[in-house]
Amino acid sequence: MHMPKDFTIQRQQLVDLLQQNGISDERVLQAIAAVPREMFIDSSFQPMAYANQALPLVLGQTISQPLMVAIMTQALQLSGREKVLEIGTGSGYQTFILARLCQHVYSVERYPQLSDQADARLDQLGCANVSLLIGDGSIGWVDHAPYDRILVTAAAPHVPAQLLEQLDMDGFLVVPVGDQAQQELQVIQRTHSGMQIHSLGRCVFVPLIGEDAWR
Ligand code: SAM
């Protein structure tokens, strides 16, 4: 009889690796320990589901490296009460992690096929606090603004102006900014005295394609 593979041990080993690499937010670690990454990728890649690497999705896109997912999620400093905008739904893996850590996630994806697949997976997992939009996330999702947190999971040539406008006071925007070969992961906080920016180091993401991004 064919039994579904049990990934529990591999998932815990991944969490140990994230801790060794500086992830200390217990809620983030618990979310990663609970989310079945294998459900967000094609079955042919399932043996690699818990390797610390990005993996291919359809249409030349990728599910991000788990350590990068953890770094970005930790940088958002989620308490559970936030309204979060995510740009780049992709597989829905990061979306589901965010959904476990905040009040509601609004997530925008430019490819209908990816958004539809993510929708089906999130449904299957009983995730009820996510709203998905097919569209250009470089201009945000104004209908639900302002957001307490915004996460961009694709590489932007500059910080999209409308994302800054849709960020609430004291909110954080996490975004990879740079050229298409390499970016800097920026954490931007909106304060009464302006935007404060700090860098979490280098990263590599697929490009953010849109009106206020790469054309
Ligand atoms: N967070 C995703 C996950 O966990 O699978 C991975 C996201 S992947 C690195 C980046 C995604 O951003 C791709 O799915 C890509 O199609 C999407 N994307 C690129 N430009 C976009 C735009 N302007 N608006 C919305 N999504 C965009």
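Provided above is the structure to which this section pertains.
Below you will find a few notes about this structure. Note that the coordinates shown come from a computational prediction; the quantities given were computed from them, not determined experimentally.

### Examining the pairing of strand 5 (residues 130-134)
- Judged from the five bridges that link them, strand 4 (residues 104-109) and strand 5 form a sheet pairing that is parallel. Pairing of Tyr-106 across the sheet is with Ser-131, part of strand 5.
- Remark: the strand 4/helix 5 (residues 112-124)/strand 5 crossover connection has right-handed handedness.

### A look at the pattern of salt bridges
- With the rule as written, the count across this model stands at two salt bridges.
- In this structure, Arg-11 engages Glu-38 in a salt bridge whose closest nitrogen and oxygen atoms are separated by 3.2 Å. You can see Arg-11 sitting in helix 1 (residues 8-20) and its partner Glu-38 sitting in the loop between helix 2 (26-34) and strand 1 (55-56), a full 27 residues away along the chain.
- By relative accessible area, Arg-11 is classed as buried at 12%.
- A salt bridge links Glu-82 to Arg-149, with the shortest nitrogen-to-oxygen separation between them at 3.9 Å. With Glu-82 in the loop between helix 3 (66-75) and strand 3 (83-87) and Arg-149 in strand 6 (residues 147-152), this residue pair connects regions lying 67 residues apart in the sequence. The pair Glu-82 / Arg-149 is uniform in exposure class, with both members buried.

Rules used throughout
Residues numbered from 1 in each chain as written. Predicted model: local features only at pLDDT ≥ 70, side-chain atom pairs only at ≥ 80, totals over all residues. Heavy atoms only, no water. Pairing = 2+ DSSP bridges. Helix = DSSP H or I, 4+ residues; strand = E, 2+ residues; numbered from the N terminus. Right-handed = clockwise from strand over helix to strand, strands pointing away. Salt bridge = Lys/Arg side-chain N within 4 Å of Asp/Glu carboxyl O. Buried < 20%, exposed > 50% of the residue type's maximum accessible area, 1.4 Å probe, protein only.

Shape is all these values report; function is a separate question.
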